[in-house]
Amino acid sequence: MANLPMLKIGGHTPKYPIVQGGMGVKISGAGLAGAVAANGGIGTIASVGLACDHPLFDGMNYFDINEIAMSEAVTAARAAAPDGVLAVNCMTALTDYDRQVRSACEAGVDIIVSGAGLPMKLPEYTKDFPSVAIVPIVSSVKAADLIIRKWGKQYGRLPDAIVVETPLYAGGHLGATRMEHVTDSAFSLEAVVPELVKYLSDTVHADIPVIAAGGIWDRDDMQRAFGLGAKGVQIGTRFVCTEECDASPRFKQAYLDASEDDVLVIMSPVGIPGRALRNPFVEKYTEGLADSKPCMAACLSHCEYLRAGSTFCIAQALVDAYQGSWETGLFFTGSNVVKCGKIDTVAGIFKELAG
Ligand SMILES: Cc1cc2nc3c(=O)[nH]c(=O)nc-3n(C[C@H](O)[C@H](O)[C@H](O)COP(=O)(O)O)c2cc1C
């Protein structure tokens, strides 16, 4: 496709301006991220819960094994895409956020992407790795402004790119503090992307690329995002139904089976809304009958399950989903899941979107 913009993030320029969004727990591991990077996009490993099925994880040493698993995941993805661009998505809400960022940098990743809260200290954690680009995820210009002010004042640093993720369509935890924001058009890509582009050029006076995320499926969606001023798109849900995606076949089958009625937004134990598939686990939870496994590792800095015993252990529920347990798992998804009709290949998706 001749008219794709060039997406330059710090010193890293992928062949195509297509970012595969980080998807935890282990939905985007080394397999998917390596394949996306090898096909010319930015492949993103989700850092959350990497230890969960590591052979050295004994139930107690979660944070130490996360570091080992991070190093192994980045090394494996790099082997699949020696010249590709690789990112790690580290959620600000994680207890071991700083350790995860540092171990990803040490393992040789190109970009750290951070959302699920405002990554106010990210420049501090990456300061020894000047070639690592840093990219916050926001859902409003206000959030971008707070980050830019803080980073500028405290670290003299600007973001290398900014992902705008709309809660209207995206999967997983949504950048909305209140349920009513999830459907509020003030948080649409159409509203936020042009306003952010204008703010970055007119107020910040910096050439910071904006990446649009949430509801991107085909070339038309991409062109719409580029028309709003985005220099790249981030896609999550579509990459789940690929041979290379690290989730179990049962996870992918749940995507293939889903209809519009099966997509729900629930309040997560983190205290923000999340989009997920309707299944026995979610139905019980919404009826107030949450059936939780015990806390896996105190992995979140704010967790309603750990704090008050309400809700459920989200780490366990996401691990169960990754491993394919339909009854007990939390299957995060974007609303585009209804379009998943077959298991594709990463190369096939790139051919359609960028070939
Ligand atoms: C299964 C799943 C898990 C996700 N996990 C994360 C995550 O760990 N961290 C994060 O920042 N975003 C996460 N996301 C959001 C994606 O990275 C992506 O930005 C979003 O889903 C884009 O919208 P789309 O799915 O409509 O393409 C997740 C999305 C899905 C579908």
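Okay, the nonpolar core next. Membership of the largest hydrophobic core comes to 127 residues, with the highest contact counts inside it found for Ile111, Ile112, Val164, Val193 and Ala212. For this core, the two domains that each supply at least three residues are domain 1 (18-247 + 341-354) and domain 2 (249-336). Not counting residues within four places of it along the chain, the set of residues in contact with Ile111 comprises Ile9, His12, Ile42, Val85, Ala87, Val132, Ala133 and Val135.

The next point concerns the domain arrangement of the chain. When its domains are assigned, the chain resolves into domain 1 (18-247 + 341-354) and domain 2 (249-336). Placing the centre of domain 1 and that of domain 2 at their C-alpha centroids yields a distance of 21 Å. Residue-level contacts link 32 residues of domain 1 with 26 residues of domain 2. Of all the elements in the fold, those that place two or more residues in the side of domain 1 that touches domain 2 are strand 7 (172-173) and helix 8 (237-240). A total of three residues in the side of domain 1 that touches domain 2 trace back to one element, the largest contributor, which is helix 8. Here the residues of the side of domain 1 that touches domain 2 sort into 18 nonpolar, 12 polar and two charged.

Across the interface, helix 2 (residues 62-80) lies against helix 3 (residues 97-106) with an axial gap of 9 Å and an inter-helix angle of 30°. In terms of orientation, helix 2 and helix 3 fall into the roughly parallel class. In this structure, the crossing between helix 2 and helix 3 has a hand that is right-handed. On helix 3, the residues that touch Phe63, Asn66, Glu67, Met70, Ser71 and Val74 of helix 2 are Arg99, Gln100, Ser103 and Ala104.

A few words now on the packing of helix 1 (residues 30-38) against helix 2. Where helix 1 contacts helix 2, the axes come no closer than 8 Å and their chain directions differ by 35°. Relative to helix 2, the crossing made by helix 1 is right-handed. Contacts from Ala30, Ala33, Gly34, Ala35, Ala37 and Ala38 of helix 1 reach helix 2 at Ala73, Ala76, Ala77 and Ala80. Residues belonging to the contact of helix 1 with helix 2 are distributed by class as follows: nine nonpolar, one polar and no charged.

The next thing to look at is the site of the ligand. Near the ligand you find 30 residues, and of these Gly21, Gly171, Gly172, Gly236 and Gly334 are the closest. Listed by contribution, the elements that provide at least two residues to the shell around the ligand are strand 9 (232-235) and helix 8. For the shell around the ligand, a count of residues per class yields 13 nonpolar, 15 polar and two charged. Each of domain 1 (18-247 + 341-354) and domain 2 (249-336) gives at least three residues to the shell around the ligand.

Alternating positions in strand 4 (residues 111-114) separate into two faces, Ile111 and Val113 on one and Ile112 and Ser114 on the other, with burial throughout. Here strand 3 (residues 85-89) pairs with strand 4 via three bridges, running parallel. Pairing of Ala87 across the sheet is with Ile111, part of strand 4.

Further remarks concern the environment of Lys252. Take Lys252: it is sitting in helix 9 (residues 249-257). Judged by the 19 C-beta atoms lying within 10 Å of it, Lys252 is partly exposed. As a C-alpha pair, Lys252 and Ile27 span 225 residues in sequence and 9.9 Å in three-dimensional space. The contact partners of Lys252, leaving out residues within four places of it in the chain, are Val240, Cys241, Cys245, Ala247 and Ile343.

Calculation criteria
- Residues numbered from 1 in each chain as written.
- Predicted model: local features only at pLDDT ≥ 70, side-chain atom pairs only at ≥ 80, totals over all residues.
- Core = buried A, V, L, I, M, F, W, Y, C linked by C-beta atoms within 7 Å.
- Buried ≥ 20, exposed ≤ 12 C-beta atoms within 10 Å, placed from the backbone.
- Domains from an automatic or database assignment.
- Contact = placed C-beta atoms within 7 Å.
- Helix = DSSP H or I, 4+ residues; strand = E, 2+ residues; numbered from the N terminus.
- Nonpolar A, V, L, I, M, F, W, Y, C, P; charged D, E, K, R; others polar.
- Axes fitted to C-alpha atoms, helices over the stretch in contact; angles between N-to-C directions.
- Parallel < 35°, antiparallel > 145°, perpendicular 65-115°, else oblique.
- Left-handed = near helix turned anticlockwise from the far one by under 90°.
- Near = placed C-beta within 6 Å.
- Pairing = 2+ DSSP bridges.

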